[in-house]
Amino acid sequence: MKSIRFRKVHLGVCAAATALILLAIVLPTHAQQAKQAATKHVEPTGVILGTVTGDHGPEAGVWVVADTNDLATQMIKTVVTNDQGRYLLPELPAVNYRVFVRGYGIVDSASINAKPSETPVNFRVHDAKTPQEAAKVYPGDYWLSLLAPPAKNLFPGTGEKSETNPNGNGLNVRMLDQDHWIDQLKKGCNFCHQLGNALTRDTQHVFAAKPDLVHNDIDAWEWRLGVGVRGTNMYATMTGMGKTETLKALADWTESIEKGAVPPMPPRPSGIERNIVSTQWDVGDDHSFMHDQISTDKRNPTVNAYGPNYAVNAGHGQLVVLNQEDNSTYTIDIPERETRDKVPSRFPSPNRPSMFWGNEHLWSNPPYDPADPHNPMIDSTGRVWMTSKIRGNTEPAWCRDGSNKYSDWFPLRASFRQASYYDPKTKQFQLIETCYSTHHLQFDNDPDNTLYFNELSGPIFGWIDTKVYDQTLASTHDESKAEQTAVGWCAQVVDTNGDGKITRPWNVLARGADLAVLYNTDTGGGTVARGGREGGRGNATPFDPKLDTMVNFSMYSDIPSPVDDSVWGVAEDYPGYLVRLQRGNNPPESCRTQIFRVPAPGYDPRGVDVDSNGVVWMGLAATSHLASFDVRKCKDLTGPQKVDGSQCREGWTLYQTPGPKLKGTNVPADFHYFDWVDRHNIIGLGANTPFVTGSNSDSLIALNTQTRKWTYFRIPYPLGFYSRGMDGRIDDPNAGWKGRALYSNFGTHFVWHIEGGKGTKGKIVKFQIRPDPLAR
């Protein structure tokens, strides 16, 4: 795989303006672009087919896997057998493949080398001899279900036992209850990687690496949580939960597995799940951390038809490109305005040497680019927008000095990531100052093609009016003027006095909805109280009901509504909150915020999306729910607004995914990192079908809201499919199932956790649904 270094290049003023005029004249419609792409596209027609027979007859609902290294990058294609044990692997290039069978209840078959042909390639498989042998291929959530959290009667936490704290119970004093501990387990550990996969459920490699220090599983867990490329992050998570009881719970789990404990067998694919075809391509290298990929414009899924997929490699500061047309991949370094030595990496040095990489700093700069891209999106012209660092952490003066209305109302300091886009037509990057720290980004369907951002670890809703930005840059050739004209932001201010607007001064809640930390701003405006923002909060005062109130929920993600001016964000502050910004027609003065708390038994929202009716969908990562919120059902949103999230309980509906539950609890062991709504019926399950990532179960999961039934899009090989998002594209609306697909990627921090171990690469994943399991 080759790496390309592109630098930012400017068109001249006249050339840029002329290019925009010509673009408006000759640019074909999305439908014409899709038709042109389909005309050029050449579909592989090879197939491998046959029958799988087991000890008791035809094996229905098992996977047949074909992989090859004879293309420009490794490709893996997987299908499922039908009721008669028959299979057909479609759309195969004419190269050599290694083909084998995997399924629940059987052992992997012997591999057969084959080329596409009409000659059957038949398999004979055998039942696993023991439950332990069968369970080797179960998803991580099944193994994690053997873990028992600390008992409910141990909570709340009273700290570690010591001479000065003789009544300490081994749980952190911040742990409120068992659910809070589970929330932190998912939020702090599953946030980076799977729990329950082969590497995490085994400690023998830790014993082997440190025989002088590790004498039992408690020692093994204490050591392993302090190693590796995330520095002290894992150890800090453990102590934040409570060192003694957390180490005990983890050690009891792995010791039970060592003694022979096994989880229940998962169900085999059934119904429409047997029609699913998955294709994977290797991208990146053996220590790339690729957070997300994108294939099209969310608003119009025919954009970029048959075009490349783009993933962002946070660890290496690169855009990773997959070209499905020739099965090739390459990387492009993302530039910065300042030299690399002035752009700090957010990734720490190893605290203790990694058992795989020693003291190597895998994601440092140098040698890698510090751009730290997090999330990509494609616009209507095919440009790839992303959140990336363009400089060090010092912001321009206009972000804070009151010289524009946004810095007057909400002065900002010390943002850690900004924005950029890559234009595949010109092969140029454009870097954009935002003032706020960027994290996730989403396009609105408004005339200005507004791109919204949630702030990284902060409360800001930010945006770029991309149409205004393009026009200003083309007419002035002045990046700073374009930024100051098109970039805007609002903090979270709730209309607690009920007058229908926000006015200064206001009350300030320094953290989320914590009414115990309440301030009144000084006259002349407020300042944001989190994420590196500076003071001006005045003296602590009682809540003043005559004033509005600034809240400071640190949002994880955001999404604009397609039906009104709402922008929705989610905050993980326990138990979790949905934050609504109504931008109004004169921001920031017209920006108003409403807060809605996630209802029990759900907690920990991370992903957020909106369907075409304006219904908000959230993946509740810790409790394995898909949650919907329909603001049209709200009956109490007039008058003074509340800051504790207690309004509109009637707007919520929770749907829990059906996987195995943590031992002794009603909380599933899966982890739903993000969610997505198929507004356009791309995959064929119906318009507005909501999905969540089964990040701990090797899957993407779709919900039928009418029947409350779930469809699993599972990756059985290699084990370790940890996804952080998805999107869908229509390449050819007239090509049936072959012209449309869902896309995701292996987004784990640690690709060496994937089956195959060190040396394994990340992958982009494509899912399609055939009309039947044998369709060509």
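Use the structure listed above.
For every chain, the first residue of its written sequence is number 1, and the numbers climb from 1 along that sequence. Local features are withheld for residues below a pLDDT of 70 in this predicted model, meaning they are given only at 70 or higher, and side-chain atom pairs are given and counted only at 80 or more; totals for whole chains, interfaces and linings count all residues. Side-chain measures here rest on the full set of heavy atoms in the structure, leaving out hydrogens and waters.

Caption draft 1: A look at the pattern of salt bridges. The working definition used for a salt bridge is a side-chain nitrogen of Lys or Arg within 4 Å of a carboxyl oxygen of Asp or Glu. On inspection of all chains with the given rule, the structure shows 28 salt bridges. R98 serves as the salt-bridge partner of D67, at 2.9 Å between the closest nitrogen and oxygen. Pair noted here: D67 is in strand β4 (residues 63-68) and R98 is in strand β7 (residues 97-102), with a separation of 31 residues, a long-range link. For D470, the salt bridge is made with R383, and the minimal N-O distance between the two is 2.8 Å. Of this pair, D470 sits in helix α11 (residues 466-476) while R383 sits in the loop between β15 (376-378) and β16 (384-388), and the two are 87 residues apart along the sequence. Here the two residues D470 and R383 agree in accessibility, since each one is buried. A network of salt bridges, in which partner residues are shared, links R102, D108 and E755. Under the DSSP-based scheme used, a helix requires at least four consecutive residues in state H or I and a strand at least two consecutive residues in state E, with every element numbered from the N terminus. For every residue, the accessible area obtained with a 1.4 Å probe (protein chains only) is divided by the maximum for its type, and the residue is called buried under 20%, exposed over 50%, and partly exposed between those limits.

Caption draft 2: Summary view of the side chain of S295. As for its placement among the helices and strands, S295 is situated in the loop between β11 (290-294) and β12 (309-313). The exposure class of S295 is buried, given its relative accessible area of 0%.

Caption draft 3: How the structure looks around the sheet that holds strand β19 (residues 438-443). Two strands pair if DSSP finds at least two bridges between them. The strand order β19-β20-β21-β22 describes an open sheet built from 4 strands, whose pairing is antiparallel. Edge positions in the sheet fall to β19 and β22 (487-490), since each has one partner strand and no second. This sheet shows a mean twist of 25 degrees between the axes of neighbouring strands, independent of strand direction. Across 5 bridges, strand β20 (residues 450-455) lies against strand β21 (residues 461-465) in antiparallel orientation. Bridge pairing links F453 to G462 in β21. Convention adopted: a line fitted to C-alpha atoms gives each axis, helices being fitted over their contacting stretch, and angles between N-to-C directions are expressed from 0 to 180 degrees.

Caption draft 4: Layout of the state of the cysteines. Criterion for a disulfide: a pair of cysteine sulfur atoms at a distance within 2.5 Å. Within this structure, the stated rule accounts for 3 disulfides. Each disulfide pairs two cysteine sulfurs, and for C399 the partner residue is C435, the sulfurs being separated by 2.0 Å. Around the S-S axis, the bridge from C399 to C435 shows a dihedral of about -70 degrees and counts as left-handed. Of this pair, C399 sits in the loop between β16 and α10 (405-409) while C435 sits in the loop between β18 (428-432) and β19, and the two are 36 residues apart along the sequence. The pair C399 / C435 is uniform in exposure class, with both members buried. C490 shares a disulfide with C591; S-S distance 2.0 Å. As the torsion about the S-S bond is roughly 65 degrees, the C490-C591 disulfide counts as right-handed. Note that C490 is positioned in strand β22 and C591 in the loop between β29 (577-582) and β30 (592-597), a separation of 101 residues in sequence.

Caption draft 5: Molecular detail of the sheet that holds strand β40 (residues 740-745). On the basis of which strands lie adjacent, the open sheet formed by 8 strands has the order β8-β7-β4-β5-β10-β41-β40-β39 and antiparallel pairing. In the strand order of this sheet, the two ends are held by β8 (112-114) and β39 (727-730), each with one partner. Averaged over all pairs of adjacent strands, the angle between their axes in this sheet comes to 25 degrees, without regard to strand direction. Here β4 pairs with strand β5 (residues 75-80) via 6 bridges, running antiparallel. Bridging from a neighbouring strand, V64 pairs with V79 of β5.

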